[in-house]
Each structure stands twice: as C-alpha cells, then as structure tokens.
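# Chains, contacts and geometry: an overview
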Amino acid sequence: MSITRRGFLSTAVAASVAAGLEGQENTDASRHVEPMRAARRPIIICANNGYNYLDDAFSFLKNGGDTLDAAIRVVKGPEDDPNDDSVGLGGLPNEEGVVELDACCMHGPTRRAGSVGGVRNIKNVALVSKAVIEHTGHVMLVGEGAERFAVAMGFPRENLLTERSRKIWLLWKQFHSTDDWWGPGLASPQFQFPDAGPRSELWEERLRRMEEHAAKLGIEPEFRMAAIRRVVFPPTGTIHCSALNEKGEISGCTTTSGLAFKLPGRCGDSPVIGAGCYTDQDVGSAGATGSGEENIKVAGAHTIVENMRRGMSPQEAGMDALKRIVRNYNGDMNKLRFMDMTYYVLRKDGAYAGVSLWDGYSPTSPHKIAIHDGTKRSEKTVALLKGVSQEFPPFPNIPKELSQDSEYLK
Ligand code: ASP
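Structure report, in brief. Worth saying up front: this structure is predicted, and the values here are computed from it rather than measured. (Residues numbered from 1 in each chain as written. Predicted model: local features only at pLDDT ≥ 70, side-chain atom pairs only at ≥ 80, totals over all residues. Heavy atoms only, no water.)

### Considerations on the sheet that holds strand β1 (residues 43-47)
Counted only if it meets this: Should DSSP find at least two bridges between two strands, the strands are taken to pair. Helical segments are the DSSP runs of H or I of at least four residues, strand segments are the runs of E of at least two, and each set is numbered from the N terminus. Interaxial angles span 0 to 180 degrees and are taken between N-to-C directions of axes, which are lines fitted to C-alpha atoms, for helices over the stretch in contact. The criterion used for residue contact is that any of the two residues' heavy atoms lie within 4.5 Å.
Pairing is mixed across the open sheet formed by 8 strands, whose spatial order is β4-β3-β2-β6-β5-β1-β13-β14. Across the chains shown, the open sheet's two edge strands, defined by having one partner strand only, are β4 (140-142) and β14 (376-380). In this sheet, adjacent strand axes meet at a mean angle of 10° when their direction is disregarded. Bridging between β1 and strand β13 (residues 368-372) involves 4 bridges; their strand directions are antiparallel. Across the sheet, the residue bridging to C46 is A370, located in β13. Lying on the sheet, helix α4 (residues 67-80) is in contact with β1, β2 (101-107), β5 (238-244) and β6 (250-256); it crosses β5 at an angle near 155°. Docked against the sheet, helix α6 (residues 143-152) engages β3 (112-119) and β4, running at close to 105° with respect to β4.

### A short note on the pattern of salt bridges
A side chain of one charge can pair with a side chain of the opposite charge if their charged atoms are brought near each other. Our working rule: Definition used for salt bridges: Asp or Glu carboxyl oxygen within 4 Å of a side-chain nitrogen of Lys or Arg. Under the scheme applied here, a residue whose accessible area is under 20% of the maximum for its type counts as buried, over 50% as exposed, and between as partly exposed, the area being computed with a 1.4 Å probe on protein chains only.
Under the criterion given, the structure shown has 23 salt bridges. A salt bridge links K76 to D80; its shortest N-O distance comes to 2.7 Å. Residue K76 and its partner D80 are located together in helix α4, separated by 4 residues, close to a single helical turn. Owing to a relative accessible area of 30%, K76 belongs among the partly exposed residues under this scheme. Here the residues in one salt-bridge network are R111, D280, D282, E306 and R309, joined through shared partners.

### Let's talk about the packing of aromatic side chains
We count it as follows: Think of it this way: a Phe, Tyr or Trp ring, Trp meaning its six-membered ring, pairs with another when their centres are within 6.5 Å, and the plane angle makes it stacked under 30 degrees, edge-to-face over 60, tilted otherwise. Throughout this description, the term charge over a ring refers to an Arg CZ or Lys NZ atom that lies within 6 Å of the ring centre and within 35 degrees of the ring normal.
A complete count under the given rule lists 1 aromatic pair for this structure. Arranged with centres 4.6 Å apart and planes meeting at 15°, the rings of W172 and F261 form a pair that is stacked. Here W172, found in helix α7 (residues 163-175), pairs with F261, found in the loop between β6 and β7 (277-280); they are 89 residues apart in sequence, far enough to count as distant. Of the two residues, W172 and F261, both sit in the buried class. Over the ring of F60 we find R73, and its NZ or CZ is 3.9 Å from the ring centre. A cation over a ring is seen here: K376 above Y51, with NZ or CZ 4.2 Å from the ring centre.

### Some points on the site of the ligand
The criterion, for reference: Any residue with a heavy atom lying within 4 Å of a molecule or strand is counted as near it. Pairs of N or O atoms within 3.5 Å make up the polar contacts considered here, provided that, within protein, one atom can donate a hydrogen while the other can accept it, and that residues adjacent in sequence are counted only when both atoms are side-chain atoms. All residues other than Ala, Val, Leu, Ile, Met, Phe, Trp, Tyr, Cys, Pro, Asp, Glu, Lys and Arg, Gly among them, are scored as polar; the first ten of these are nonpolar and the last four charged.
Around the ligand, the surrounding shell consists of T236, G237, T238, G258, L259, R266, G268, D269, S270, T289, G290 and G292. Between T238 and the ligand, the recorded distance is 2.5 Å, taken from a side-chain N or O atom to an oxygen atom. G292 has a polar backbone atom sitting 3.1 Å from an oxygen atom of the ligand. Looking at the shell around the ligand, its residues break down into 1 nonpolar, 9 polar and 2 charged.

### A word on unusual backbone geometry
The phi angle of most residues is negative, glycine excepted, and most peptide bonds adopt the trans form. For the bond from R41 to P42, the omega torsion is 0°, close enough to zero to count as cis. By the element assignment, P42 lies in the loop between α2 (29-32) and β1. We note that F261 has phi near 65°; this positive angle belongs to a residue other than glycine. A positive phi angle, near 40°, is found at A299, a position not held by glycine. With respect to the secondary-structure elements, A299 resides in the loop between α10 (292-298) and α11 (300-309). The partly exposed category is assigned to A299, whose relative accessible area is 30%.

Structure below.
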C-alpha cells in the first residue's frame, strides 16, 4: 500500500473545507426540531462505542439491577476490549508510552460520586471509581494512590499497552517534533498555526518515511493507514453511559484513556465530576466525550443538568453548553474546528438527547448516541455547527480558505 499525500489528506481536507466553509450554526430547521418521541423508562443512553453492550445492561436494569451497575456494565465492554484504543485495555498511551486511565461515576439514588484519574495498570477504572464511593470517604483518587487503592480492592494489575498501541506510540515518537501537547496550546494567545505552503513537500516525505517505518514495526498493511492517522491526528475517545430505571432512579459514568500521547499526569474531563459526568437524582444525568480541556472550562455535564433543572429540554440544555465552548473562543472557527464535543443527556422522565459541536470527524462518520429503551438503536447527534472537526494538533498544510472567521455570534 502506498500513501500519497493527496490520498492521505483527502478525508482530512474534505473535512476541513466542510468545517471552514460551513462552520456556522446549523440553520437547517429540521436539525433543531426535537424529535416527538415519548419518554420511556427504563432507558440507557451511551456513546456509540457502547452499542454492543446495551442488550445485557438493559435486561439487567429491567430485572431490577441498580442503575449505576447497569451503566458500568456498558462501559466495561470497551474497557475490556483490546481493540478499542480509546478506553481501558489497549488505550493509546501517554507521551512516555504508558497507558493512563480516567473515570468517574455518580449514583443518583444515594447522591454519591467517585472518581479516579491518571491510573496505570488497572483496566476497569469505572469500577474502581465506584469502589471509591463504596470503600472510602473521598470522592477522587489519582495516580499511584489510585492504583494502590485498586489493587487493595482486588483489581488485578496488568499491562494495558497492547502490541498494536505500542507500535502506534513508537511511530508517533519517531514522527512527532513540534506537533505534540506541549504548549502553547490552542487557547494560548501565543498559539501559532504551523506553516502552510513550503513545508508541504517535507510532509510528503515525512509521510512516506512514516509508512516505511510502520512497515518495519510490523504494523499490518491494512491497519497502517489508520495507525498513521492516529499519529498525525492524535485521537480522542471515551465512553459515557447514563441509566434510568422504571422507578426513576438514575446514574451515570464515564471512562477513558484520554488524549493519545498526552503529557504524563494529564487528567481530562472524564474523571472530573461535573465535566465528564454529572447526575442529579432530582433532574437527570449528562456525560461527555471529546475535547476534555474545553469541557472542563464550561463544566459541561453540570451545566447541562442545571439547565434542565431550570426547564430546558435535554437538547436545549446540551446546546447551551456547546455554545459556551464556542463563546470561549469568541466564535473563532479557525480554532473551533480543532475541537469537538459530544454530550449525552438523559432527563429523569426518560427524555434524552445527543448533541455535538460538529456533525462528526468526517462526512462518513457522524457523531452518534446509542440508546436502549426496549429498542436498541444508534442515532446521529444534533450538531451545533455544520461540517466536521479536525483533530488537534493541526496539520500544517491547511488550505487558506479555511482561515475565515465565522459569522457565528456576531
Ligand atoms: N474527553 C476525553 C479526554 O479529554 C477524550 C475523549 O472523550 O475523546 O480525555
């Protein structure tokens, strides 16, 4: 397989053009009309990577199982799956090649919360966050202390770095130079977009060498393009799940390996109660996947639940949180296209919404929410902005026409 720069970039550039030219609030009325569906209980909603685990969790919930246990049944699936490189075992590691996991949970009926951040060597961190609730007087444990706590609770220590993730990390080590998570970041006034133009030749050469190196590392030909893509555009990935039973009890949890190649010790939004997940037994539950730093700044999940408390629908509540992210960048689409956010929102009566900043990561992979309320399905999220996002750090050769500021918020 040979990777031409053009071929490699086709999706990304198509995506960028869509983002740059269409980066404005969706005006298509049908996209904002809330579906007229009857709210049903019990119900479980989650990020789409939980789809395969919904049947088991739903029947558990229907048969009287606890709401938090049901939600954790869903997220444990991707945590245990070595091929899901965004969560648990096989998650893409930090910049030193070490997998560090974050998770949190809230149990509505007892109004309790638990969280763990930067945990190494333990794959089921959502369960560890639940153990924090049940076996400590704390809410949040991080790093080595969290790992030691998990071992004391009987969780096995294991190597979370699969061969596939290790090879992608090695490829990243070889490739990266200035394109990492060290500052200045996107939010810094000092941030500068990488040069376009003359460097594109160099990029072509770099991509060719990366392909060679990927082959030497033994990355399977059919996965090589995906591996290179993960190196050039370090991916995000997470799972959130909220579960509501027939009685109206509600819980939520979120678990992740966080941003690929992050600085060691970096915690994203997922373990932050009120950002990656928030559940209030009186109102509902919300959770997030996407650009963690942005979500922390708007306390996304808490904002959404509070919005619903004040009478907003799940969709309106989520859209308001997304608008706060847009406002933090004064509507600057040139920066906003490098971030994305999806919120999963469940109200206590069973009404739900999946909303996202952009339509998806590419025109063919829209953001989705998975639902089980007796019928299992995936639905596209409702996006605030038209087009697709690009991963960060930015690829240097960004077409000029993308540098337009949006009319949004003006
Ligand atoms: N929110 C996660 C984080 O920032 C990543 C993701 O959801 O994709 O760690």
